[in-house]
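Notes for the structure review
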Amino acid sequence: MSALRRLRNFWILWVTTIVLACFSNAVAQASYRVTDLGAEGNDNLGCAMSLNNQGWTEIMAGNVEAGQVDSIFGKLLNGRALIDVDGFKLDLGTLGGTNSWMNWGEINEVGQVVGYSETNVPDPNGEDICGFGTHLTCRPFLWQFFQMSALPTLGGNNGEASAINDRGQIAGFAENTSEDSGCPPNRIQLPVLWENGKAQALPTVGSDPDGVAFWINDQGQAVGYTGTCTAALHAVLWENGTGSPLPDLGTGAIAQGINNQGQIVGTVGSPDGTTQYGALWQNGALTNLGTLPGDVAAIATGINSKGQVVGSTWDSNFNWSHGFIWQDGTMTDLNTLFPASSNLFATMANKINERGQISGMAIVLSGPDAGNIHAFLATPVRQSIGRSVAEVARTHPKSNLPANAGEPHLQRFGLVRFGR
């Protein structure tokens, strides 16, 4: 079962507390110029997941059932992976099926892009790793030179590529041929490093059968988690072929991002296993991250070399609620830094590049697309923004929680359950 499907079978209540140590190279607060990257055609969802240092963004665009566009349980109906280069959008296509998508995904400095795509071949075991309900085989891809190519698995039918660094090393997961006893008839999924077109399985921690690598830096250090097909048990750092568990609070953790200085962000379960905290790991130590006032949970997903951290919060109704940035020891709602003229209320912030640009998604506040979700790129500027989005939209615009929230569909985001 893929990392993007595991929360389909579990409720998550993540409550987070921010206590981040100041970095010596912390930067001053900035306002932002916001570029609305929109959605595609009649799609109601556009989300900029990753970006490179030139501001090129990798976008997932698709349709979610009406009233669910900002719910973490929103049911995805269709989707495509795209890139936006200075306002020019390019659909990356598929590997033969209808849909392509990304497990956070990444675009590196030379424009190589990774993600995953359906093929036109039904999965012989009935798996639905891509998460679109088609039960077609799902393959990790590398897109370069205007062509999408499938990456090899570990002998199984499915896999997903999550990130690519500037050396061309790719992190993700792939299936082998062994049935996963915890989730039959699914196959075991192992964290993978692809290099020079070859798949190398990364070690799991202890007796953990499964795992996913979510991010990789330019030094070749990869991060993610290992556990079972239903739960993340250990946040893991892989370097030089060795996997090392990161400290947690006794109930599991996930590492979501790592910068070139080796600072890692992610999430960690509370000691009693009932809540979830954001996490920063540096110099072998764990520091709790946090949430914004009024929200019940947060996830930190991006960190640059300046130590700027970005992430997202959600509310008690399981709606994505606010994108945030942490810097200078403070977590700030991005909407207080966006000009009211942007007409976008940021509900997710996913990655941040070395220029401080942020990728994410936002609710359109007014106009013909009001209530839909658009991808955005936020670029810092050293000037006052006047009235902010937060002043204009004092409360987060709500969508309705779907009636089937007990059977959530989280194929849009790489989230999993925790447990020991």
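Summarising the element assignment, Phe-338 is placed in the loop between strand E25 (330-333) and strand E26 (344-352). A residue is classified by how much of its surface remains accessible, and Phe-338, at 0% relative accessible area, is buried. Once the C-alpha coordinates of Phe-338 and Ser-384 are considered, the two residues, 46 residues apart in sequence, prove to be 10.0 Å apart. The contacts of Phe-338, once residues within four sequence positions are left out, are Tyr-32, Val-34, Leu-344, Ala-346, Phe-376, Ala-378, Ile-385, Arg-387, Ser-388 and Val-389.

Attention now goes to the state of the cysteines. Every disulfide links exactly two cysteines, by a covalent bond between their sulfur atoms. Counting across every chain of the model gives two disulfides. The residue that forms a disulfide with Cys-130 is Cys-138, at a sulfur-sulfur distance of 2.1 Å. Looking along the S-S bond of the Cys-130-Cys-138 disulfide, the torsion reads about 85°, which is the right-handed sense. Comparing Cys-130 with Cys-138, the two get one shared label, buried. Shown here is the disulfide that connects Cys-183 with Cys-229, its sulfur atoms set 2.0 Å apart. Residues Cys-183 and Cys-229 are joined by a disulfide whose S-S torsion is about 85°; by sign, that bridge is right-handed. Residue Cys-183 is found in the loop between strand E11 (170-179) and strand E12 (187-195), and its partner Cys-229 is found in the loop between strand E15 (222-227) and strand E16 (232-239); the two are separated by 46 residues along the sequence. With relative accessibility at 9%, the residue Cys-183 sits in the buried group. Judged by its relative accessible area of 3%, Cys-229 is buried.

Pairing within the open sheet is antiparallel, and its four strands lie in the order E18-E19-E20-E21. The open sheet has two edge strands, strand E18 (253-258) and strand E21 (285-288), and neither has a second partner. Each neighbouring strand pair of the sheet contributes to a mean axis angle of 30°, computed without reference to strand direction. Summarising the sheet, strand E19 (residues 264-269) and strand E20 (residues 276-282) pair through six bridges and their orientation is antiparallel. Across the sheet, Val-268 pairs through a bridge with Tyr-277, a residue of E20.

Conventions and cut-offs
- Residues numbered from 1 in each chain as written.
- Predicted model: local features only at pLDDT ≥ 70, side-chain atom pairs only at ≥ 80, totals over all residues.
- Heavy atoms only, no water.
- Helix = DSSP H or I, 4+ residues; strand = E, 2+ residues; numbered from the N terminus.
- Buried < 20%, exposed > 50% of the residue type's maximum accessible area, 1.4 Å probe, protein only.
- Contact = heavy atoms within 4.5 Å.
- Disulfide = S-S within 2.5 Å.
- Pairing = 2+ DSSP bridges.
- Axes fitted to C-alpha atoms, helices over the stretch in contact; angles between N-to-C directions.

Nothing here speaks to function; it is geometry throughout.
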